[in-house]
Structure formats: C-alpha cells, structure tokens
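Remarks on the overall topology
Here are the chains, one letter per residue:
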Amino acid sequence: MRSVPSNLRKGCARIVNETLTGPEGRRGRSGPGKASARLGTKRQCFACGAKFYDLNRKPPVCSRCGAPAEPTAAKAEPAAPASTPPSPAAPLPAAPPRARSGARDWTREQAAAIDKVGRWLKAGDRQVFRLFGYAGVGKTTLARHVAEGADGDALFAAFTGKAAMVMRAAGCVGATTIHGLIYRATEGADGTPNFTLNEDGPAARAGLIVIDECSMVDEDLARDLLSFGKPILVLGDPFQLPPVKGGGYFTEGQPDVMLTEIHRQAADNPIIRLSETVRSGGELAEGAYGEARVIRRAAVEQTEVLAADQVLVGTNRTRRAYNGRIRSLSGYAEPLPVAGDRLVCLRNDRTKGLINGGLWRVETLGGMRKDFIRMTLSPEDEGGRGTVKVAVLKQFFEGTEGELAYPLRRESDEFDYGYALTVHKAQGSQWDHVVLFDESFAFREHRARWLYTGLTRAAKRLTVVR
C-alpha cells in the first residue's frame, strides 16, 4: 500500500478539525472555549453507551448508533385495519425504521425504550418498570442489553421453570424461577422440602432483577419479590390471556413502555406472523408456513401428536379426553398414575415449591391410603431441582375432583395428567414443538387472545388443528 505524503496528511487533519471546530479552532487562533462551543455538549448514549459531542444539533442524536439522546414521546398511531389471512407465499411486512448501524442494530422504538429504562435506573425513584410488548418485538433482547449496563449483578427469573429455560436459551445467563431466586429450600422431618424467604440470597445482592411473563405473578409472590428493595424490570405481553385467578399483580398498572414494532429477525418467523394475523383480527388460512402448519382435524396424524413437546387445547373436557387417549397410545393401561407418567400441578404450594402449571414425572409410587395416591415426583422443567413427595386424591385423575368437599380437597396436593394442557394452564411456558387444537370458539370475546396465547407457546415448530 502506498504511503500518504506528510503534507497531505496534515491537510486532511486540518480539514477534519475545521469540520468540527471551524478555522478558529486551530491552535494559536483562539482559546479552547470556542472549540468546545462548536463541539456542543458531551453526552452518553443510553442505547449503545457511546460518549459523543452533540455538535449543537437539535434534537441531539448519537453519532455512533443514531439513537435520539432526548427522545420525545411517540404520537399514538391509528389502529391497524384487520388483516387478511396470510398465504404461505405472502410477502413479509416492511421492517420498521432503524437507528443507524453501530454496536447494536436497534429500531427507533427500541432505542427510545432503552433510553427510558436507563433514565428509570438512574433516577431510582420507582422500584418497578413495566416493559410490555407483543410477541417478536424484542423484549428479552432489550432487557438483556439493559442488564449488561446495570450497576451490580443483574438476575433473570420467570414464574415457571420452562419460561426460565426459554430465557436462558435467549442469552439470559443464570435465569431461574422466581421461587428459586427468592426462597430457600429446607428439608422437613419427613424429607419434604419447605421453602422460606431467602433474605440473604442472590436477590439481596442484585443490582437489577428482570422478570419475564410477569402476568403469572400473584400478589403474595410479588410482595415477597418487592421486599428485597431492588429495581425490578418486568416484561409482559398485554394481548395474552389474563390469568384465570391469582396472577396479574404487575399487569394491573399501565406499561411504562409499550413496544409494537416486530423485530426484523422475528418478522421471518412464521409463528410470529400467524400470531400477528390473529392479533390484528385476521383468520388463519389452511396451509404450510415454514415450520408452522394450519390443518383440518381429519389431517391430524397420531405420530405428530405423540412426538410433540406439548399438546394444547381449550377446555378441560377436551384436555381429559386427549390425556386419556395419549396415555393409551403411549402404553399406559392403568387409569391411575404409574411410574413415568407426566403430571401437571394444579395449585401453588409455596412451602413445597409447587407452581401451578409446573410439569413433573412420576419417579416412584408409594401406594394408596384412604384414596390418597402417594408419589415421588421429579420436575420436568427445573433440572437442578430435587424430587418432591406428594399425596393426591385419586379423584383428580378420575375427573371427579369437583365433587370433593372443600376441607378434604384442601388436604390433597392437586395434580392431573399433563400430556395435554389447556392454553390457560400453559401460560408462562413455551415448548419447541407444539400441537394446538383450536377451540377458540369456546372463549367468545377472548377468542383472539386465546388463540394468540396458544400460538406463542411454540418456539420452533407449530401445528394448528382447526
């Protein structure tokens, strides 16, 4: 490569300097005051962290990533018209406007959100920040970026073990359940674990706590989480179904940021595209959409149902029928649980660390006494967790638990077969391969929200049966 003559190098330097400071800024012509005035105010970008002079631009814009240094509130946009059903060959939607390329490729909306979260952390005047958005807008990616710049350790958690696994897969290192984050397990006299608030645990030393799927958090759990006094960034999707009972503590308030623009990479995902169609009032057309399919019931194959990570349905009646059928096809002839059976927890029990919707496998059976089936269970979605001993009235597996007297029912742990789950019970969890039997007709005004929630339980592969 040819070297540049020294006189040309000096000329280039002069041109660059005059671009920033003008001729007066050169050494010997004036003091440093005029040069600083032309450079403007020194700032730090909340989006990418770069330090820069704003060159007196109005409004100031980061010279590295293009994010606005002082974003103004976005004007409300008119509601989108109902979309038409996508076809397998439908073109992808246009990507939203993006900030100029830099260390990160944020949309304008995302950059403004990061700025607002950064201001909240810096101010320290509120404990909770609500970052909400639809599927595919990049909530977890933004939260991970914010965590990287937080003072002290940032901890990630979700209500269910399955949701925590999804967070870890998305790069949220060390993500765990909220119970695992804030409670301590001790062994009782009978070997059963008991959970109490771990006041000296990791949450007590955190600089920031990030909670995903926050709609599942009820008041008791939220208050224990808030008792540590740490800043909490909660992530949620307001279009998902509201919990049947108990949850929703963090979703009762209005979001501090509401993200609506689908991220460019997510726009290529057929599951996200189908969910957007449903959210905007459209209907799902039959066909193949990459790793997603919409088919009629007559086209369902037993092999695909058995190979799915999770089968989802709408009503408890369908759930019981499909659980019985799947157990039969899997070789389980006994009407009551046997070793290897998959169970779902139906009621929270904080002292035992049982979470409503958690999935378990039967390790061993301890026999039946007064209609109570005694079992040792191992968690399916919490790898580091030990086993737990439970006693469940047999009526829960026979579908007659509704006939139990309340005092007797309260004595029982509550479990049922977990091969097929209702979408309500599946909230807060996600699986790679889902078969969804569309029973949205049963939910009337919540029809679209039910279907949207079911679609977004799938991470990689989805079959919708209509």
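Keep in mind that this is a model prediction, so the values were computed, not measured.

1. Observations regarding the packing of aromatic side chains
This structure, assessed with the given rule, holds seven aromatic pairs. Their ring planes at 85° and their centres at 5.3 Å tell us that Tyr249 and Phe250 sit as a pair that is edge-to-face. Measuring from centroid to centroid gives 6.4 Å for Tyr332 and Tyr419, while their planes differ by 40°, and the two rings are tilted. Of this pair, Tyr332 sits in the loop between helix 10 (316-329) and strand 14 (342-345) while Tyr419 sits in the loop between strand 18 (415-417) and strand 19 (420-422), and the two are 87 residues apart along the sequence. The exposure class assigned to Tyr332 is partly exposed, which follows from its relative accessible area of 22%.

2. Side note on the sheet that holds strand 11 (residues 287-289)
Hydrogen bonds between backbone atoms are what pair the strands of a sheet, whose relative direction is either parallel or antiparallel. Sheet architecture is open: six strands sit in the order 11-12-21-20-13-19, paired in mixed fashion. Edge strands, defined here as strands with exactly one partner in the open sheet, are strand 11 and strand 19. When the angles between neighbouring strand axes are averaged without regard to direction, this sheet yields 20°. As paired strands, strand 20 (residues 431-437) and strand 21 (residues 458-465) are joined by six bridges and run parallel to one another. Paired with Val434 across the bridge in strand 21 is Leu462. Running over the sheet, helix 14 (residues 447-455) touches strand 13 (310-313), strand 20 and strand 21 and is turned about 145° from strand 20.

3. Side note on helix 14
Every α-helix carries 3.6 residues per turn, so stepping three or four residues along brings you back to the same face. Buried residues of helix 14: Trp450, Leu451, Tyr452, Thr453, Gly454 and Leu455, and no others. On its buried face, helix 14 sits against helix 8 (270-279), strand 13, helix 13 (423-426), strand 20 and strand 21.

4. Quick look at the sheet that holds strand 3 (residues 128-133)
The six strands lie next to each other as 5-4-8-9-3-10, forming an open sheet whose pairing is parallel. Among the strands making up the open sheet, the edge pair consists of strand 5 (176-177) and strand 10 (257-259). Sheet strands in contact with helix 4 (residues 139-148) are strand 3, strand 4 (153-158), strand 8 (206-212), strand 9 (232-236) and strand 10, and its direction is about 170° off that of strand 9. Sheet contacts for helix 5 (residues 161-169): strand 4, strand 5 and strand 8; angle to strand 4, the most-contacted strand, approximately 135°.

5. What to know about the nonpolar core
If you look at the biggest cluster of nonpolar residues, it comprises 91 residues, and the most contacted ones within it are Phe415 and Leu462. Counting 26 residues, the second largest nonpolar core, distinct from the first, contains Ile182, Tyr183, Ala203 and Ile209.

6. Some remarks on the pattern of salt bridges
The full count for this structure, using the stated rule, is 20 salt bridges. A salt bridge links Arg279 to Glu276; its shortest N-O distance comes to 2.8 Å. Here the residue Arg279 and the residue Glu276 both occupy positions in helix 8, the gap between them amounting to three residues, near one helical turn. For Arg279, a relative accessible area of 22% puts it in the partly exposed group. When salt bridges with common partners are traced through the structure, they connect Glu283, Asp438, Arg447 and Arg466 into a single cluster.

7. Regarding the side chain of Gln310
Mapped onto the elements, Gln310 comes out in strand 13. A residue is classified by how much of its surface remains accessible, and Gln310, at 0% relative accessible area, is buried. Looking at Gln310, its side chain comes within polar contact range of the side chain of Arg342, at 2.9 Å. Sequence-distant contacts of Gln310, that is, excluding residues within four places in its chain, are made with Arg342, Leu359, Gly418, Tyr419, Ala420, Leu421, Trp431, His433, Val434 and Val435.

8. Thoughts on the packing of helix 8 against helix 14
Interaxial distance between helix 8 and helix 14 falls to 9 Å at its minimum, and their mutual angle equals 175°. Relative to helix 14, the element helix 8 lies roughly antiparallel. Packed against helix 8, whose contacting residues are Ile271, Leu274, Ser275, Val278 and Arg279, the element helix 14 presents Ala448, Leu451, Tyr452 and Leu455 at the interface. By residue class, the composition of the contact of helix 8 with helix 14 is seven nonpolar, one polar and one charged.

9. Focus: the packing of helix 3 (residues 108-123) against helix 4
What describes two packed helices is the angle between their axes and the distance between those same axes. It is the contact of helix 3 with helix 4, at a shortest axis distance of 11 Å, that shows an interaxial angle of 40°. One element, helix 3, and the other, helix 4, form an angle in the oblique class. Handedness of the helix 3/helix 4 crossing: right-handed. Facing Gln110, Ala113, Ile114, Val117 and Leu121 of helix 3, the residues of helix 4 in contact are Leu142, His145 and Val146.

10. Observations concerning the environment of Glu219
Inspection of the secondary structure assignment puts Glu219 in helix 7 (residues 219-226). Judged by its relative accessible area of 41%, Glu219 falls in the partly exposed class. For the pair formed by Glu219 and Tyr249, sequence separation is 30 residues and the distance between their alpha carbons is 5.4 Å.

11. Observations regarding the confidence of the model for the chain
If pLDDT is low for a region, its predicted coordinates should not be looked at in detail. For the chain, the mean per-residue pLDDT works out to 82, and 75% of the residues sit at or above 70. The low-confidence segment residues 70-83, where pLDDT is below 50, has 12 contacts with residues more than four positions distant or belonging to other chains.

12. A word on the pairing of strand 15 (residues 359-369)
Direction of pairing for strand 14 relative to strand 15: antiparallel, over a ladder of three bridges. Bridge assignment links Leu343 to a residue of strand 15, and that residue is Trp360. Pairing of strand 15 with strand 16 (residues 372-379), which is carried by seven bridges, proceeds in the antiparallel orientation. Counted as the bridge partner of Arg361 is Ser378 from strand 16.

13. Notes on the environment of Ile262
Along the chain, Ile262 falls in the loop between strand 10 and helix 8. With relative accessibility at 15%, the residue Ile262 sits in the buried group. Expressed as a C-alpha distance, the spacing of Ile262 and Val137, which sit 125 residues apart in the sequence, is 4.5 Å.

14. Topic: unusual backbone geometry
Its identity is not glycine, yet Glu213 carries a phi of approximately 50°, on the positive side. Structurally, Glu213 is set in the loop between strand 8 and helix 7. What makes Glu213 buried here is its relative accessible area of 16%. A positive phi is found at Asp371, a non-glycine position, where the angle reads about 70°.

Conventions and cut-offs
Residues numbered from 1 in each chain as written. Predicted model: local features only at pLDDT ≥ 70, side-chain atom pairs only at ≥ 80, totals over all residues. Heavy atoms only, no water. Phe/Tyr/Trp six-rings, centres within 6.5 Å; stacked < 30°, edge-to-face > 60°. Helix = DSSP H or I, 4+ residues; strand = E, 2+ residues; numbered from the N terminus. Buried < 20%, exposed > 50% of the residue type's maximum accessible area, 1.4 Å probe, protein only. Pairing = 2+ DSSP bridges. Axes fitted to C-alpha atoms, helices over the stretch in contact; angles between N-to-C directions. Contact = heavy atoms within 4.5 Å. Core = buried A, V, L, I, M, F, W, Y, C linked by side-chain atoms within 4.5 Å. Salt bridge = Lys/Arg side-chain N within 4 Å of Asp/Glu carboxyl O. Polar contact = N/O pair within 3.5 Å; in protein donor to acceptor, adjacent residues only side chain to side chain. Parallel < 35°, antiparallel > 145°, perpendicular 65-115°, else oblique. Nonpolar A, V, L, I, M, F, W, Y, C, P; charged D, E, K, R; others polar. Left-handed = near helix turned anticlockwise from the far one by under 90°. pLDDT = per-residue confidence, 0-100.

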